[in-house]
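# Per-entry structural report
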Amino acid sequence: MYCINYVNEDSVLVSSQSAAHCQALPDLADFLKHRLANITDIIVASDTLLCIGNSQTQFESIGIAVQQFEVQLSKRSSHQIFDIPVCYVEQLAPDLTAVAQQLQLSVNQVIELHKQSVYKVKMIGFMPGFTYLSGLNPQLKLPRKSTPVSKVPAGSLAIAEDMSAVYPSDSPGGWHIIGQSPIKLFDKHLDPMCPLTVGDQVRFIELSYEEFLSYGDSSD
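Residues numbered from 1 in each chain as written. Predicted model: local features only at pLDDT ≥ 70, side-chain atom pairs only at ≥ 80, totals over all residues. Heavy atoms only, no water.

Our focus in this paragraph is helix H5 (residues 107-116). All of the buried residues along H5 are Val110, Ile111, Leu113 and His114. Its buried side turned inward, H5 meets helix H4 (96-103), strand S6 (119-124), strand S9 (156-160), strand S10 (163-166), strand S12 (176-180) and strand S13 (201-207). (Buried < 20%, exposed > 50% of the residue type's maximum accessible area, 1.4 Å probe, protein only. Helix = DSSP H or I, 4+ residues; strand = E, 2+ residues; numbered from the N terminus. Contact = heavy atoms within 4.5 Å.)

Next comes the structure, spelled out in structure tokens:
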């Protein structure tokens, strides 16, 4: 949490020993600048933030604004980073070669560009557990297929427009399939049924084909 100390009649010092709160000090500075019109200057250091005001500044309002920012920071930090294992081999990726050809990239370049991104869950819809992931590298942007296929297997890793997704169950679909994940992203018998929520971050971790086939065997 942040500690607030009155330095003198013109300034207040906001400090924290928490790593997350220290890292958020530049964001807090921007937050205060936009919320408090009478702040004349804000000086950010590694673990402190000095707010300087004028004669019109009500320094109690700084404390209230800092508390409001802490609430937002707490909500932001509650989101998880979720690693999803995927296999990009072409027998599991029926559209990978065509995607590479359309984008004038090699198959390996498509794979590298896709797995290097950190994605964010923007919304969940279309069907239970279908998560729309923003953050796709612009070099991989493609429109959806002109003709959807009648059945996309569960676990299929897909891209379309500026999004990526993993199909949680078998369904029709018009996204480009570039791989497959061995994990379930929706199970009505579990609580929660979908492990991802809006705001979570997602990274894709590449598996070899052998690792994909044996995934989960060690837990049996």
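Checked against the element boundaries, Lys184 lands in the loop between S12 and S13. The exposure class assigned to Lys184 is exposed, which follows from its relative accessible area of 62%. The spacing of Lys184 and Tyr6 is 178 residues in sequence and 53 Å in space, taken between C-alpha atoms.

What follows is about the packing of aromatic side chains. Note on aromatic pairs: each is described by the distance of the centres and the angle between the planes. For the structure shown, the criterion picks out eight aromatic pairs. Arranged with centres 6.4 Å apart and planes meeting at 45°, the rings of Tyr2 and Phe69 form a pair that is tilted. Of this pair, Tyr2 sits in the segment before strand S1 (3-8) while Phe69 is found in helix H3 (residues 59-77), placing the two residues 67 residues apart along the sequence. What makes Tyr2 buried here is its relative accessible area of 5%. Residue classification places Phe69 among the buried residues on the basis of a relative accessible area of 2%. Centre to centre, the rings of Phe130 and Tyr132 are 5.0 Å apart; their planes meet at 65°, and the pair counts as edge-to-face. In this pair, the class of Phe130 matches that of Tyr132, namely buried. Site record: aromatic cluster; members linked through ring pairs are Phe126, Phe130, Tyr132, Tyr167 and Trp175. (Phe/Tyr/Trp six-rings, centres within 6.5 Å; stacked < 30°, edge-to-face > 60°.)

Time to look at the packing of H4 against H5. Running from N to C, H4 and H5 point in directions that differ by 95°, and their axes come no closer than 8 Å. By the angle between their directions, the pair H4 and H5 is classed as roughly perpendicular. Note on element contacts: H5 touches H4 through Val107, Val110 and Ile111, opposite Leu96, Thr97, Val99 and Ala100. The class makeup of the residues in the contact of H4 with H5 is six nonpolar, one polar and no charged. (Axes fitted to C-alpha atoms, helices over the stretch in contact; angles between N-to-C directions. Parallel < 35°, antiparallel > 145°, perpendicular 65-115°, else oblique. Nonpolar A, V, L, I, M, F, W, Y, C, P; charged D, E, K, R; others polar.)

Time to look at the confidence of the model for the chain. Looking at the chain, pLDDT values average 89 and 95% of them are 70 or higher. Taken element by element, the predicted model of the chain shows its lowest mean pLDDT in helix H1 (residues 19-23) (76) and its highest in S12 (98). (pLDDT = per-residue confidence, 0-100.)

Moving on, we come to the environment of Thr48. Note that Thr48 resides in strand S4 (residues 48-53). C-alpha separation for the pair Thr48 and Ser15, spaced 33 residues apart in sequence, amounts to 4.2 Å.

To continue, consider H4. For H4, the complete set of buried residues consists of Leu96, Val99, Ala100 and Leu103. The arc that holds every buried residue of H4, seen down its axis, measures 100°, which confines them to one face. Buried residues belonging to H4 abut H5, S9 and S12. Where H4 ends, the next residue or the one after it, Gln104, has phi of about 55°, a positive value. (Arc of directions from axis to C-beta.)

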